[in-house]
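# Structure assessment
This is what each chain is made of:
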Amino acid sequence: EEDGQAGASVGNGEAETDNRRYVLNFGSIWEYGTGMTSKTILALIPVGYPWEVFAWLPFGGWNECPDTLDLMSAGKYWYEQYGAIPAAVSHDELEFVLPRPLTEEEAEKAAREQYLFCPDIVDQNGDGTIGYLQDILEHSIGWYFWWD
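Residues numbered from 1 in each chain as written. Predicted model: local features only at pLDDT ≥ 70, side-chain atom pairs only at ≥ 80, totals over all residues. Heavy atoms only, no water.

### Some thoughts on the pairing of strand 7 (residues 93–97)
Consecutive side chains along a regular strand alternate between the two faces of the sheet. Spelled out, the test is: Exposure categories follow from relative accessible area, calculated using a 1.4 Å probe and restricted to protein chains: below 20% of the type maximum is buried, above 50% is exposed, and the middle band is partly exposed. Here a helix means four or more residues in a row that DSSP labels H or I, a strand means two or more in a row labelled E, and each is numbered from the N terminus. By this definition, two strands are paired if DSSP reports at least two bridges between them.
Summarising burial for strand 7: 4 of the 5 residues are buried, a large majority. Across 4 bridges, the pairing between strand 6 (residues 85–89) and strand 7 is antiparallel. Its bridge partner being in strand 7, Ala88 is matched across the sheet by Glu95. A loop of 3 residues connects strand 6 with strand 7, the two strands running antiparallel in sequence. Two strands pair when backbone bridges link them, and strand 7 and strand 8 (residues 142–146) are joined in this way by 5 bridges, in the antiparallel orientation. The residue bridging Leu94 from the neighbouring strand is Phe145, located in strand 8.

### A look at the nonpolar core
Put simply, the test is: For our purposes a nonpolar core is just a set of buried Ala, Val, Leu, Ile, Met, Phe, Trp, Tyr and Cys residues, chained together by side-chain atoms within 4.5 Å. Residue contacts follow a heavy-atom distance rule, with two residues in contact if any of their heavy atoms lie within 4.5 Å.
Counting 26 residues, the largest nonpolar core has Trp78, Leu94, Phe117, Trp143 and Phe145 as its most contacted members. Listed by contribution, the elements that provide at least two residues to this core are helix 1 (68–82), strand 7, helix 2 (104–117), helix 3 (120–123), helix 4 (130–138) and strand 8. Apart from the residues within four sequence positions on either side, Trp143 is in contact with Trp78, Tyr82, Ala84, Leu94, Glu95, Phe96, Leu98, Leu102, Ala110, Gln114 and Leu137.

### Looking at the confidence of the model for the chain
Selection criterion: Predictor confidence is given residue by residue as pLDDT, running from a minimum of 0 to a maximum of 100.
Averaged over all residues, the pLDDT of the chain equals 84, while 84% of them reach at least 70. Note that residues 1–12 has pLDDT below 50 and, in this model, 17 contacts with residues that lie over four places away or in other chains.

### Some remarks on helix 2
To keep things clear, this is the line we draw: Each helix should span, by expectation, one fewer than its residue count multiplied by 1.5 Å.
Its 14 residues give helix 2 an end-to-end C-alpha distance of 20 Å, which sits within 8% of 20 Å, the value for a rise of 1.5 Å per residue. Among all positions of helix 2, only Glu106, Ala107, Ala110, Ala111, Glu113, Gln114 and Phe117 are buried. Tucked inside the fold, the buried residues of helix 2 contact helix 1, strand 7, helix 3, helix 4 and strand 8.

Have a look at this one:
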């Protein structure tokens, strides 16, 4: 976009904010084997606040995945702190979108919070450090969680 509007879509899983590009990939709806999106249901769920969507969706409460009340609590907190909105849910994945990437200070705090919420995103990804996750949070407008 020539006008550089925040949040303008630029394709290829990127969004442009303040003339910088940030990653937004919905891994939960992507079939890596076929290179295509999975069958996906788009739903408009009648909630007053984004975190209330968890009261409508049968997700969580298995393995280390938080239950409905914990999902709602985390969703409310992250919405109030960072503007994070739940955006995609699969059978074992949850994704949020944000209006902007986090600052270095915010990303450091959020990386610790996210590790407590979903240890697999650190323990089974990248170099296995919270610093790796922090770097992702500083360059992305999407948050990804998954539980086996």
